[in-house]
Amino acid sequence: SQTIHQWPATLVQPVGSPLSLECTVEGTSNPNLYWYRQAAGRGLQLLFYSVGIGQISSEVPQNLSASRPQDRQFILSSKKLLLSDSGFYLCAWSTGPTGQYFGPGTRLTVT
Amino acid sequence: QKEVEQDPGPLSVPEGAIVSLNCTYSNSAFQYFMWYRQYSRKGPELLMYTYSSGNKEDGRFTAQVDKSSKYISLFIRDSQPSDSATYLCATSLQGAQKLVFGQGTRLTINP
């Protein structure tokens, strides 16, 4: 069966510090991978998605970047965090149009 | 106008009631329709998906799509306190890699 991991689960970082969130998927090959952000009480905002190694599509211009160094690994990064980067970050995978499967999320607080 | 509209609620009903959650969408080309359940501080969990119009049943949950009115529904029978969560609808185009999400409806089932 497929499993998706995200770490860390929670993170508190000062403004201006770098960020690296990691997501890995097990039990599937060549998945589409996604990064979402969810602000408190708000819907899901798609940040990046990837259909293959090294292929990244950015949905919203912002302070973040994404990379896919391996088939089942997706990394979200920032060089300098802003207060507005606080939120709940979710990674998801899919192999077709019938839905995406989400990880447990990382709660980021920028202070 | 958002592509998918969903009343954010909150919706509060007594245990055992039938719950009806709804979304409307604007693009008649959407073909796949999904419902997710998200518990507090967790990642969304895919409950059901349907393709095109019709009903799909899974235990106490029934998903319904009416493409003529661009209306999608999720019914929960014999609701339980454990059903208390935020429910998000989502849809996608044929062949698309991205989903379009509603804002989510926060549901509380009172014992």
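Since the model is a prediction, treat every value here as computed from it, not as a measurement.

Colleague: For this particular structure, what's the right way to read the packing of aromatic side chains?
Modeller: Two measures describe an aromatic ring pair: the distance that separates the ring centres and the angle between the ring planes. Scanning all chains against the criterion turns up 12 aromatic pairs over all chains. Put simply, the rings of A:Tyr34, A:Tyr36, A:Tyr49, A:Phe102, B:Tyr36 and B:Phe101 touch in pairs and so form one group of aromatic residues. The ring of A:Phe88 has A:Arg107 sitting right over it, with the charged end atom 4.3 Å from the ring centre. Across the ring face of B:Tyr49, the terminal group of B:Lys56 is positioned such that the distance to the ring centre comes to 4.0 Å.

Colleague: Quick question: what am I supposed to make of the sheet that holds strand S8 (residues 73–78) of chain A here?
Modeller: Consider a sheet: its strands pair through backbone hydrogen bonds, and that pairing is either parallel or antiparallel. Residues and elements named next belong to chain A. The strand order across the open sheet built from 4 strands is S1-S3-S8-S7, with neighbouring strands paired in antiparallel fashion. The open sheet has two edge strands, strand S1 (3–7) and strand S7 (65–70), and neither has a second partner. Strand-to-strand twist in this sheet, taken as the mean axis angle between neighbours without regard to direction, amounts to 20°. Strand direction decides the pairing type here: S7 and S8, joined by 4 bridges, are antiparallel. By the bridge assignment, Ser-67 is partnered in S8 with Ile-75.

Colleague: Can you walk me through the pattern of salt bridges in this structure?
Modeller: Taken as a whole and assessed by the stated rule, the structure comprises 6 salt bridges over all chains. For A:Arg37, the salt bridge is made with A:Asp85, and the minimal N-O distance between the two is 3.7 Å. Of this pair, A:Arg37 sits in strand S4 (residues 32–38) while A:Asp85 sits in the loop between S8 and strand S9 (87–94), placing them 48 residues apart in sequence. A residue is classified by how much of its surface remains accessible, and A:Arg37, at 13% relative accessible area, is buried. In this structure A:Asp85 comes out as buried when scored by relative accessible area, which is 3%. Between B:Asp83 and B:Arg60 there is a salt bridge whose closest N-O contact spans 2.9 Å. One end of the pair, B:Asp83, is in the loop between strand S8 (71–76) and strand S9 (85–93); the other, B:Arg60, is in the loop between strand S6 (54–58) and strand S7 (61–66), with 23 residues separating them in the sequence. We classify B:Arg60 as partly exposed; its relative accessible area is 25%.

Colleague: How should the environment of B:Ile72 be read in this particular structure?
Modeller: Residues and elements named next belong to chain B. For Ile-72, the position within the fold is in strand S8. In this structure Ile-72 comes out as buried when scored by relative accessible area, which is 3%. For Ile-72 and Arg-37, which are 35 residues apart along the polypeptide, the C-alpha to C-alpha distance reads 15 Å. Ignoring any residue separated from it by four or fewer positions in sequence, one finds Ile-72 in contact with Leu-21, Asn-22, Cys-23, Tyr-25, Phe-33, Trp-35, Gln-64, Val-65 and Cys-89.

Colleague: What am I meant to see in the interface of chain B and chain A here?
Modeller: A common way to express how large an interface is: the accessible area buried when the components associate. Contacts between the two partners involve 17 residues from chain B and, on the opposite side, 23 residues from chain A. The largest per-residue losses of area from chain B upon contact with chain A belong to B:Arg41, B:Gln97 and B:Lys98, which jointly make up 32% of the total buried on that side. Where chain B packs against chain A, one counts 1 salt bridge. Joining chain B to chain A, the criterion identifies 4 residue pairs in polar contact (both at pLDDT 80 or more).

Colleague: Is there a simple way to explain the state of the cysteines in this structure?
Modeller: The term disulfide refers to a covalent linkage connecting the sulfur atoms of a pair of cysteines. Using the criterion set out here, one finds 2 disulfides over all chains in the structure. Each disulfide pairs two cysteine sulfurs, and for A:Cys23 the partner residue is A:Cys91, the sulfurs being separated by 2.0 Å. Looking down the S-S bond of the A:Cys23 and A:Cys91 bridge, the torsion is -75°, so its handedness is left-handed. In this pair, A:Cys23 is assigned in strand S3 (residues 19–26) and A:Cys91 in strand S9, connecting sequence segments 68 residues apart. In this pair, the class of A:Cys23 matches that of A:Cys91, namely buried. Paired through a disulfide, B:Cys23 and B:Cys89 show a sulfur-sulfur distance of 2.0 Å. Disulfide B:Cys23 to B:Cys89: torsion about the S-S bond roughly -105°, handedness left-handed. One end of the pair, B:Cys23, is in strand S3 (residues 19–25); the other, B:Cys89, is in strand S9, and 66 residues separate them in sequence. A relative accessible area of 0% places B:Cys89 in the buried class.

Colleague: In this structure, what is going on with the sheet that holds S8(B)? I would like to understand it.
Modeller: All names here are of chain B. If you trace the 5 strands from one edge of the open sheet to the other, you get S1-S3-S8-S7-S6, paired in antiparallel fashion. Two strands in the sheet have a free side with no partner beyond their single neighbour: strand S1 (4–6) and S6. Within the sheet, the average angular offset between the axes of one strand and its neighbour, ignoring direction, is 15°. In the sheet, S6 pairs with S7 via 5 bridges, with the strands oriented antiparallel.

Conventions used here
- In every chain, residue numbers begin from 1 and rise along the written sequence.
- Each chain takes a letter, starting from A, and each ligand takes a number, starting from 1, following the order in which they are written.
- Totals for whole chains, interfaces and linings use every residue, but because this is a predicted model, local features are given only for residues with pLDDT of at least 70 and side-chain atom pairs only at 80 or more, for both listing and counting.
- Only hydrogens and water are removed before side-chain values are computed, so all heavy atoms of the structure are retained for them.
- Only centres within 6.5 Å qualify two rings of Phe, Tyr or Trp (six-membered ring in Trp) as a pair; their planes then separate them into stacked at under 30 degrees, edge-to-face at over 60, and tilted for everything else.
- Any Lys NZ or Arg CZ found within 6 Å of a ring centre and within 35 degrees of that ring's normal is scored as a charge over the ring.
- A pair of strands is labelled paired if DSSP reports no fewer than 2 bridges between them.
- Runs of E in the DSSP output that reach at least two residues are strands. Runs of H or I that reach at least four are helices, and both are numbered from the N terminus.
- Helix axes use the C-alpha atoms of the stretch in contact, all axes being lines fitted to C-alpha atoms, and the angles between their N-to-C directions lie in the range 0 to 180 degrees.
- Counted as salt bridges are all cases of a side-chain nitrogen of Lys or Arg within 4 Å of a carboxyl oxygen of Asp or Glu.
- Residue exposure (1.4 Å probe, protein chains only): buried if accessible area is under 20% of the type maximum, exposed if over 50%, otherwise partly exposed.
- Contacts between residues were defined by any pair of non-hydrogen atoms, one from each residue, lying within 4.5 Å.
- Simply put, the buried area is the total loss of 1.4 Å probe accessible area from both parts when two parts are fitted together.
- Distance and chemistry together define a polar contact, namely a pair of N or O atoms within 3.5 Å, with one atom able to donate a hydrogen and the other to accept it when in protein, and with adjacent residues in sequence counting only for side-chain atoms on both sides.
- Two cysteine sulfur atoms form a disulfide, by the criterion used here, when they sit within 2.5 Å.

So yeah, pure geometry; function would need other evidence.
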